[in-house]
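Each chain, written out:
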Amino acid sequence: MEFLNQLSPFIENAGFPALIFAIWYIYHQSQVKTLETIINDNFEILKELLETNQYHAANIKCFIKRNQQAYFR
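For the structure given in this document, a descriptive report is provided here. (Residues numbered from 1 in each chain as written. Predicted model: local features only at pLDDT ≥ 70, side-chain atom pairs only at ≥ 80, totals over all residues. Heavy atoms only, no water.)

1. Observations regarding the overall build of the protein chain
Moving on, step 1. When its secondary structure is counted, the protein chain shows two helices and zero strands.
Moving on, step 2. A buried classification covers 4% of the 73 residues belonging to the protein chain.
Moving on, step 3. Carbon and sulfur atoms form 62% of the exposed surface of the protein chain, whose accessible area is close to 7,100 Å². (Helix = DSSP H or I, 4+ residues; strand = E, 2+ residues; numbered from the N terminus. Buried < 20%, exposed > 50% of the residue type's maximum accessible area, 1.4 Å probe, protein only. Areas by Shrake-Rupley, 256 points an atom, 1.4 Å probe, with all protein chains shown as cover.)

2. Let's talk about the packing of helix α1 (residues 2–14) against helix α2 (residues 16–65)
Angle between the axes and distance between the axes: these two values describe a pair of packed helices.
Moving on, step 1. Relative orientation of the contacting elements α1 and α2 amounts to 130°, with a least axis distance of 6 Å. Taken together, the axes of α1 and α2 are oblique relative to one another. Mapping the contact onto sequence places Phe10, Ile11 and Ala14 in α1 and Phe16, Pro17, Ala18 and Leu19 in α2.
Moving on, step 2. Residues that form the contact of α1 with α2 fall into these classes: seven nonpolar, no polar and no charged. (Axes fitted to C-alpha atoms, helices over the stretch in contact; angles between N-to-C directions. Parallel < 35°, antiparallel > 145°, perpendicular 65-115°, else oblique. Contact = heavy atoms within 4.5 Å. Nonpolar A, V, L, I, M, F, W, Y, C, P; charged D, E, K, R; others polar.)

3. Focus on the packing of aromatic side chains
Moving on, step 1. Taken as a whole and assessed by the stated rule, the structure comprises two aromatic pairs.
Moving on, step 2. Each ring, one from Phe21 and one from Trp24, has its centre 5.9 Å from the other, and the planes form 35°; the classification is tilted. With Phe21 and Trp24 both in helix α2 and three residues apart, the pair spans about one turn of that helix.
Moving on, step 3. Phe21 sits in the exposed class, given a relative accessible area of 52%.
Moving on, step 4. Look at Trp24 and you get partly exposed, because its relative accessible area is 46%.
Moving on, step 5. Clustering of aromatic rings is evident, with ring pairs tying together Phe21, Trp24 and Tyr25. (Phe/Tyr/Trp six-rings, centres within 6.5 Å; stacked < 30°, edge-to-face > 60°.)

4. Quick word on the pattern of salt bridges
Moving on, step 1. For the structure shown, the criterion picks out one salt bridge.
Moving on, step 2. Between Lys47 and Glu44 there is a salt bridge whose closest N-O contact spans 3.8 Å. On the criterion of helical spacing, the pair formed by Lys47 and Glu44 is a turn pair, its members being three residues apart in helix α2.
Moving on, step 3. The class for Lys47 is partly exposed, based on a relative accessible area of 44%.
Moving on, step 4. We classify Glu44 as partly exposed; its relative accessible area is 41%. (Salt bridge = Lys/Arg side-chain N within 4 Å of Asp/Glu carboxyl O.)

Now the structure itself:
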């Protein structure tokens, strides 16, 4: 309630559009934080996949250098 008491004079002076902007701004900030966490999680997953692919590529190169047949599972 203290937040609303502090916000009340601002709403009276600026009007209803300011209230809409404040609500939109708070919502936008929460969405940005959510998207940042999703992007960071996806980068971690992609980094792990890249490491796995590099390991398999190195393994295949080793078989090619030894002129052996690689059996893939």
